[in-house]
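# Remarks on the overall topology
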Amino acid sequence: MNLAPIAVVVVGLWLLINGILHDIFVLRSEYGKVYNRELLRLLMDGHVLISCGIILLFCYKDIQQNQAWAYYVAITVCSSMLVYCAMIFPFLKSFVTILLNATLIVILLIAYFKYT
């Protein structure tokens, strides 16, 4: 059984839901009362999570069909998320997001070499 499609959905939903929740809480906080550079930066953090989550969800069907390009895109998205987590690590230690994306890269690489 190929675990990769299920793992892509789990991580994609994790990123999407966390991005939406992040934006909701930012908009409900003091930062959300005035449109300025700080609010825009915080909303872009949520946008990065939402965008990466949606891209992973779009890859689901093609990873299920073992399309090589979908593996490339999903691995690129996870790598991008690891870089993002490394950049924000001094401010926010996103251990679960790091673990999920690193694990997904390993799962994707194993599935890629096994099924394509």
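Before reading further, recall that the structure is shown in the block above.
I will try to describe carefully the structure that is included in this document. Because the structure is a prediction, the values reported are computed rather than measured.

The next thing to look at is unusual backbone geometry. Leaving glycine aside, a negative phi is the common case for residues, and trans is the common case for peptide bonds. You will see that asparagine 66, though not glycine, has its phi angle at about 60 degrees, which is positive. The residue asparagine 66 is located in the loop between helix 2 (37-64) and helix 3 (68-88) in this model.

A separate point is the packing of helix 1 (residues 4-28) against helix 2. Two numbers describe how helix 1 lies on helix 2: the axes approach to 7 Å, and their chain directions differ by 160 degrees. Judged by the inter-axis angle, helix 1 sits roughly antiparallel to helix 2. Crossing geometry of helix 1 relative to helix 2 is assigned as left-handed.

Now for helix 2. For helix 2, spanning 28 residues, the distance from its first C-alpha to its last is 41 Å, which sits close to the expected 40 Å at 1.5 Å a residue. The sharpest bend along helix 2 reaches about 30 degrees and sits at phenylalanine 58. At the N-terminal boundary of helix 2, the capping side chain belongs to asparagine 36, with an oxygen 3.1 Å from the backbone nitrogen of glutamate 38. Positioned one or two residues after helix 2, asparagine 66 has a phi angle of 60 degrees, which is positive.

To continue, consider helix 3. Taking 1.5 Å per residue as the helical rise, helix 3 with its 21 residues ought to reach 30 Å, and the 31 Å between its terminal C-alpha atoms agrees with that figure. Within the span of helix 3, buried status applies to Ala70, Tyr71, Ala74, Ile75, Val77, Cys78, Met81, Tyr84, Cys85 and Ile88. On the buried face of helix 3, the contacting elements are helix 1, helix 2 and helix 4 (95-115).

Their axes nearest at 10 Å, the elements helix 1 and helix 4 cross at an angle of 155 degrees. The angle between the axes of helix 1 and helix 4 places the two elements in the roughly antiparallel class. Where helix 1 crosses over helix 4, the two elements pack in a sense that is left-handed. Only Val96, Thr97, Leu100, Asn101, Leu104, Ile107, Leu108 and Ala111 of helix 4 make contact with helix 1, whose side of the interface consists of Ala4, Ala7, Val8, Val11, Trp14 and Leu15. Split into classes, the residues belonging to the contact of helix 1 with helix 4 amount to 12 nonpolar, two polar and no charged.

Scoring rules and cut-offs
- Residues numbered from 1 in each chain as written.
- Predicted model: local features only at pLDDT ≥ 70, side-chain atom pairs only at ≥ 80, totals over all residues.
- Heavy atoms only, no water.
- Helix = DSSP H or I, 4+ residues; strand = E, 2+ residues; numbered from the N terminus.
- Axes fitted to C-alpha atoms, helices over the stretch in contact; angles between N-to-C directions.
- Parallel < 35°, antiparallel > 145°, perpendicular 65-115°, else oblique.
- Left-handed = near helix turned anticlockwise from the far one by under 90°.
- Expected span 1.5 Å × (residues − 1).
- Bend = angle between axes of the 7 residues up to and from the residue.
- Polar contact = N/O pair within 3.5 Å; in protein donor to acceptor, adjacent residues only side chain to side chain.
- Buried < 20%, exposed > 50% of the residue type's maximum accessible area, 1.4 Å probe, protein only.
- Contact = heavy atoms within 4.5 Å.
- Nonpolar A, V, L, I, M, F, W, Y, C, P; charged D, E, K, R; others polar.

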